[in-house]
Amino acid sequence: MDPDLPETLEEDCEKLQAAFDKVVNTVESGYVRPISPEEQMAIYKVVYDQCTFSSGNAPNTIPDVLYNRYGDMVTRYLKERRFESAGMPSEALLRLVVRRWENHKMIVKTTVKLVGYLDRFFTKHTSVDSTSEKGLRCFLTHVYTPVKEDLRNAIFQHIEREREGEVVERALLRQAVMVFIEMGIGIEPFKVYLTDFEAPFLAFTGQFYQREASKWVVENSATEYMKKAEQRLMEEAQRAEAYLHRNSEKRLIKVVEEKLLADQQKQLLEMEDTGFVALLRDNRLDDIARKYSLFSRIPKGLLPIAKLMYEYVTTEGKQIVQKHSNSPELCYKAYTKDLLDVHQKYRSILKNQLGDNVTFQKAVKDAFEAFVNQQVTSHVKGAPPGTPAGKVSSSELIANYCDMLMKNAANKMDDDELEDVLEQVVAIFGYINDKDLFQEFYRKQLSKRLLVSTVNDDCERSLISRLKMRQGAPYTSRLEGMLKDKNLSADWQTKFKGHLAEKKISFGFDYSMQVLTTGCWPSFQIHTLNVPPQAKAAMDEFAAFYDSGTQSRKLRWVHSLGTVTLDGLFNKQKFQLQMTTFQACVLLLFNQRDVFSGDELVEELNLPWEEVKKALQSLAMGKFRLLLKDVVEGTKGSKGVEEADTFRVNNDFTDKSRKLKIPTVVAKANLKNSQQVQQSVEDTRRHAIEACIVRIMKSRKQIEHPILISECIAQLSNHFTPDPRHIKKRIEELIAREYIERDAEKPSLYRYLA
């Protein structure tokens, strides 16, 4: 023995060995307290005395000797209990390793209390492991390393049995996995677990589910496959929670998703009867939700589904367009109703089954834009036989549907139902490229409703406010101006009545007017009608009154929009007749004489023959024949009227009703009116394109041709999608008018001319 070491060192080491052996035997016998506090203090004092012994170099040597003896004791005890794991039943191996590990932790924990002063005096100030780490490392070297592969395989066997439906002892698996987790604690945290268990386990899981997926995809429909995949994912999440480390769950689920979903996605989506298109076709909502829920878990897993949805919705929408194109008559109500139904269907699917996912929202939006902007080729409903088919845009058809809705729906729907329909209509409107065309059609129809029909202000404002929220205030400013004019006209009417009462003026009949702002309302044809003297007096009085209350405003009378209620006496029966101003003026002339020809009426009224013709057709050839037509001798009687025909009052006219509304003759085919609106919109677009070009050039000063084209399209696309060829024509026009010029050396470069 080294002369510098104390004589009692060997004796004290034997005491330590004896105490250690007692701890081992007691722990393995199942006792909770392997050593009494008195024995523990006695051994601790022995270690303390040796470490604090002072003699030459002894203080630096004694702790090292004690530390090595401690390591030798742990190593010897582990070697004495070494076992052969190869060929051992999996459950027996799991229980043995778990028991050995639990015992070893208790032995090390107790022994560390005996030699604890070594950590304070020696290991803390050197580069060696603490006594606890030393004990764990010994187990790692002499027990864990030789059996880790067999232990891991035993765990895998139990997990595979559980995956195949057997019941296993999860608590035992949890303890066995904890061996891998705890083996690196204090040494290299989780490295042992990640390397020796998790990585092989994920590979093992991947192989298992690759086999499962290959089998399922052959044996099952896509629906059954997805149900099984959903169940497996839930089971793996529960399995991870039960006996894996908490950080392993995400990686485990990712492997399962890759093998069950990502690798089989194409085949699952394209199955003939249970693929995604089939689910949409058959409206199998639960299966759609399941597919979305599962494929949303994998990276970019929704893109292929969204593509299929886009293609299917586009096809379904084009079928609607084709159906109405092939119909003998085009009905705007049926067409728009079909659009609303298909939109409601997919809006519901988006909300309830697809979680309002933006990828699917874009797919549906693109699909609707693809077919809603196709023109419907068909005969307009009510067109005369032989009328050639024309092309009608969705803008016009949807505007007509809105017109019908505003006229009738308020009386047939409750508020909530109407609001829902308006929301859907505006959503369909959002897919239209030619929003300016819709605006013009809607404006013309709104003007007729405000001037001729009884309108529901709340309904009108509700629709306009929705359009305003989608398109902005400039888009609806003229529509709002029309409603404002309606209210202002009521104010003018009240003031005018007060004026008449104050001046004690009476016309002998009730008279009212509508004052329209030129910029808000559609342009109307102005006729210089020779009105009856009584009406002329009322018009002059109101014009004078209006001029006295306004500045720099001029009234122009639009007689074609007026209505008149006359009292008529036929066959000693009195009737109240509601009709247009033109009809009334024609009828009142027959108070002067009995017979008028068509050309005489034209001269008397100072109206074009076409307007007089419409009035005569409704009065002499319509439902209520207040006039009779005399056929010119030598000519064949026709269903129409000619300028040479003569007309007289039908004194024998009778009807059960005393209040009659005389219908007007309206061209059944609206193609001409539609073409006029489209031409008006085209003219407006030319100005809009030019204004846009000038704005861009003014801010940029100079710009390349392709950039100018793209910026124009971007700025104007909120109202319509301009054709690049039209933009190019407008550029040429602006060059000719010297607003911009081409660069002499680079023709594709434009410069702004101040």
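Owing to the predicted nature of the structure, the values given are computational and were not obtained by experimental measurement.

K.L.:
I tried to follow the packing of aromatic side chains on my own but got confused; where do I start?
P.N.:
Each aromatic ring pair is summarised here by two numbers: the centre-to-centre distance and the angle between the ring planes. As enumerated under the stated definition, the model contains 33 aromatic pairs in all. Centroid distance Phe368 to Tyr431: 4.9 Å. Interplanar angle 25°. Geometry classified as stacked. Remark: Tyr431 occurs in helix H18 (residues 415–431) and Phe368 occurs in helix H16 (residues 358–372); sequence separation between them is 63 residues. Both residues of the pair, Phe368 and Tyr431, count as buried. Positioned above the aromatic ring of Phe208 is the side chain of Arg163, whose terminal nitrogen or guanidinium carbon lies 5.4 Å from the ring centre.

K.L.:
Help me understand the state of the cysteines, please; the structure alone is not making it clear to me.
P.N.:
What makes a disulfide is a covalent bond joining the sulfur atoms belonging to two cysteines. As enumerated under the stated definition, the model contains zero disulfides in all. Just so you know, Cys712 is unpaired, no disulfide at all, and the nearest cysteine sulfur is the one on Cys692, 4.0 Å from it.

K.L.:
Whenever I open this one, unusual backbone geometry confuses me. Can you help?
P.N.:
Most peptide bonds take the trans configuration, and most residues that are not glycine carry a negative phi. The backbone phi angle of Lys300 is positive, close to 55°, even though this residue is not glycine. Relative to the helices and strands, Lys300 resides in the loop between helix H13 (285–295) and helix H14 (303–326).

K.L.:
Just checking my understanding: could you explain empty space enclosed by the protein for this structure?
P.N.:
If a probe the size of a water molecule is rolled over the atoms, the empty space left behind becomes visible. Taken as a whole, this structure holds one cavity of 30 Å³ or more when the rule is applied. Of the voids in this model, the largest cavity is the one considered here, and its volume is about 30 Å³. What lines the largest cavity is simply Ala222, Thr223, Met226, Thr274, Leu279, Asp287, Arg290 and Lys291. By residue class, the composition of the lining of the largest cavity is three nonpolar, two polar and three charged.

K.L.:
Can you help me understand the packing of helix H15 (residues 332–352) against H18 in this one?
P.N.:
Packed helices, taken two at a time, are described by the angle between their axes plus the distance between the axes. Where H15 meets H18, the closest approach of the two axes is 10 Å, and the angle between their N-to-C directions is 95°. On the basis of the axis angle, H15 is roughly perpendicular to H18. Each of Leu339, Leu340, His343, Gln344 and Arg347 in H15 lies in contact with H18, whose residues at this interface are Asp420, Glu423, Gln424, Val425, Ala427, Ile428 and Tyr431. Residue composition of the contact of H15 with H18, by class: six nonpolar, three polar and three charged.

K.L.:
Is there a simple way to think about the layout of surface pockets in this case?
P.N.:
Of the pockets and cavities examined, the second largest pocket occupies roughly 550 Å³. Lining of the second largest pocket is provided by 25 residues; of these, Asp434, Glu682, Arg685, Thr721 and His726 occupy positions nearest its centre. Sorting the residues of the lining of the second largest pocket by element identifies helix H17 (394–412), helix H26 (671–700) and helix H28 (724–736) as the ones contributing at least two each. Here the element with the most residues in the lining of the second largest pocket is H26; it accounts for seven residues. Taken together, the residues that form the lining of the second largest pocket break down as seven nonpolar, 11 polar and seven charged.

K.L.:
Got a minute to help me understand the pairing of strand S3 (residues 563–570) in this structure?
P.N.:
As a general feature of sheets, a regular strand has side chains that alternate between the two faces. For S3 and strand S4 (residues 573–580), the ladder comprises eight bridges, and the chain directions are antiparallel. What sits directly across from Leu566, in S4, is Leu577. From the end of S3 to the start of S4, which pair antiparallel, there are two residues, and Asn571 there has a positive phi angle of about 55°.

K.L.:
Teacher, can you tell me more about the sheet that holds S4 here?
P.N.:
The pairing of strands in a sheet comes from backbone hydrogen bonds and takes either a parallel or an antiparallel form. Strand order in this open sheet of three strands is S3-S4-S8, and the pairing throughout is mixed. Of all strands in the sheet, those with a lone pairing partner are S3 and strand S8 (659–661), marking the two edges. Each neighbouring strand pair of the sheet contributes to a mean axis angle of 25°, computed without reference to strand direction.

K.L.:
Where do I start with the packing of helix H21 (residues 473–503) against helix H22 (residues 533–549) in this structure?
P.N.:
Where H21 meets H22, the axes come as close as 11 Å, and the angle between the chain directions of the two elements is 110°. As summarised for this structure, H21 and H22 are arranged roughly perpendicular, according to the angle between their axes. Together, Trp492, Lys495, Phe496, His499 and Leu500 of H21 and Ala538, Glu541, Phe542, Phe545, Tyr546 and Gly549 of H22 make up the contact between the two elements.

K.L.:
I keep staring at the nonpolar core and nothing clicks. Help me out?
P.N.:
Nonpolar side chains tend toward joint burial in soluble globular proteins. Judged by nonpolar contacts, the single largest core of 155 residues is most densely connected at Ile155 and Met309. By residue number, the principal contributor to this core is helix H6 (residues 131–163), which donates 12 residues. Residues in contact with Ile155, not counting those within four places in the same chain, are Leu94, Leu173, Ala176, Val177, Phe180 and Phe197. Counting residues in each nonpolar core, the second largest holds 45 residues, with Met513, Phe542, Phe575 and Met579 among its members.

K.L.:
Got a minute to help me understand the pairing of strand S11 (residues 749–752) in this structure?
P.N.:
Summarising the sheet, strand S9 (residues 702–704) and S11 pair through three bridges and their orientation is antiparallel. By the bridge assignment for S11, Glu704 is matched with Leu749. When strand S10 (residues 740–742) meets S11, the two strands line up antiparallel, connected through three bridges. Paired with Ile740 across the strands is Tyr752, a residue of S11.

K.L.:
Whenever I open this one, the environment of Phe20 confuses me. Can you help?
P.N.:
Relative to the assigned elements, Phe20 resides in helix H1 (residues 9–28). For Phe20, a relative accessible area of 1% puts it in the buried group. C-alpha separation for the pair Phe20 and Val108, spaced 88 residues apart in sequence, amounts to 9.5 Å. Setting aside chain neighbours within four positions, we find Phe20 in contact with Met73, Val74, Tyr77, Ile107 and Thr111.

K.L.:
Could you clarify how one ought to interpret H15 in this entry?
P.N.:
Residues lying three or four places apart along an α-helix face the same way, a consequence of the helix completing one turn every 3.6 residues. Helix length check: H15, at 21 residues, gives a terminal C-alpha distance of 30 Å against a target of 30 Å (1.5 Å per residue), a fit within 8%. Tyr335, Thr336, Asp338, Leu339, Leu340, Val342, His343, Tyr346, Ile349 and Leu350 are the residues of H15 that are buried.

K.L.:
What is the right way to look at the pattern of salt bridges in this model?
P.N.:
One side chain can pair with another of opposite charge once the charged atoms of both are near each other. Counted under the stated rule, the structure contains 54 salt bridges. Glu160 is paired through a salt bridge with Arg211; the nearest N and O atoms lie 3.7 Å apart. Here Glu160, found in helix H6, pairs with Arg211, found in helix H8 (residues 191–219); they are 51 residues apart in sequence, far enough to count as distant. Notably, a salt bridge pairs Asp287 with Arg290, separated by 2.8 Å at the nearest N-O pair. Of this pair, Asp287 and Arg290 both sit in helix H13, three residues apart, roughly one helical turn. Looking at Arg290, the relative accessible area reads 17%, which means it is buried. Within the structure, one salt-bridge network assembled from shared partners comprises Glu162, Arg163, Arg170, Glu236 and Arg239.

How each quantity is defined
- Residues numbered from 1 in each chain as written.
- Predicted model: local features only at pLDDT ≥ 70, side-chain atom pairs only at ≥ 80, totals over all residues.
- Heavy atoms only, no water.
- Phe/Tyr/Trp six-rings, centres within 6.5 Å; stacked < 30°, edge-to-face > 60°.
- Helix = DSSP H or I, 4+ residues; strand = E, 2+ residues; numbered from the N terminus.
- Buried < 20%, exposed > 50% of the residue type's maximum accessible area, 1.4 Å probe, protein only.
- Lys NZ or Arg CZ within 6 Å of the ring centre and 35° of its normal.
- Disulfide = S-S within 2.5 Å.
- 1 Å grid on protein atoms, 1.4 Å probe; cavity = no way out; pocket = protein on both sides within 12 Å on 5 of 7 lines; lining within 4 Å.
- Points joined across faces, edges and corners; volume = space filled by probe spheres on them.
- Nonpolar A, V, L, I, M, F, W, Y, C, P; charged D, E, K, R; others polar.
- Axes fitted to C-alpha atoms, helices over the stretch in contact; angles between N-to-C directions.
- Parallel < 35°, antiparallel > 145°, perpendicular 65-115°, else oblique.
- Contact = heavy atoms within 4.5 Å.
- Pairing = 2+ DSSP bridges.
- Core = buried A, V, L, I, M, F, W, Y, C linked by side-chain atoms within 4.5 Å.
- Expected span 1.5 Å × (residues − 1).
- Salt bridge = Lys/Arg side-chain N within 4 Å of Asp/Glu carboxyl O.

Spatial relationships are all this shows, so hold off on functional conclusions.
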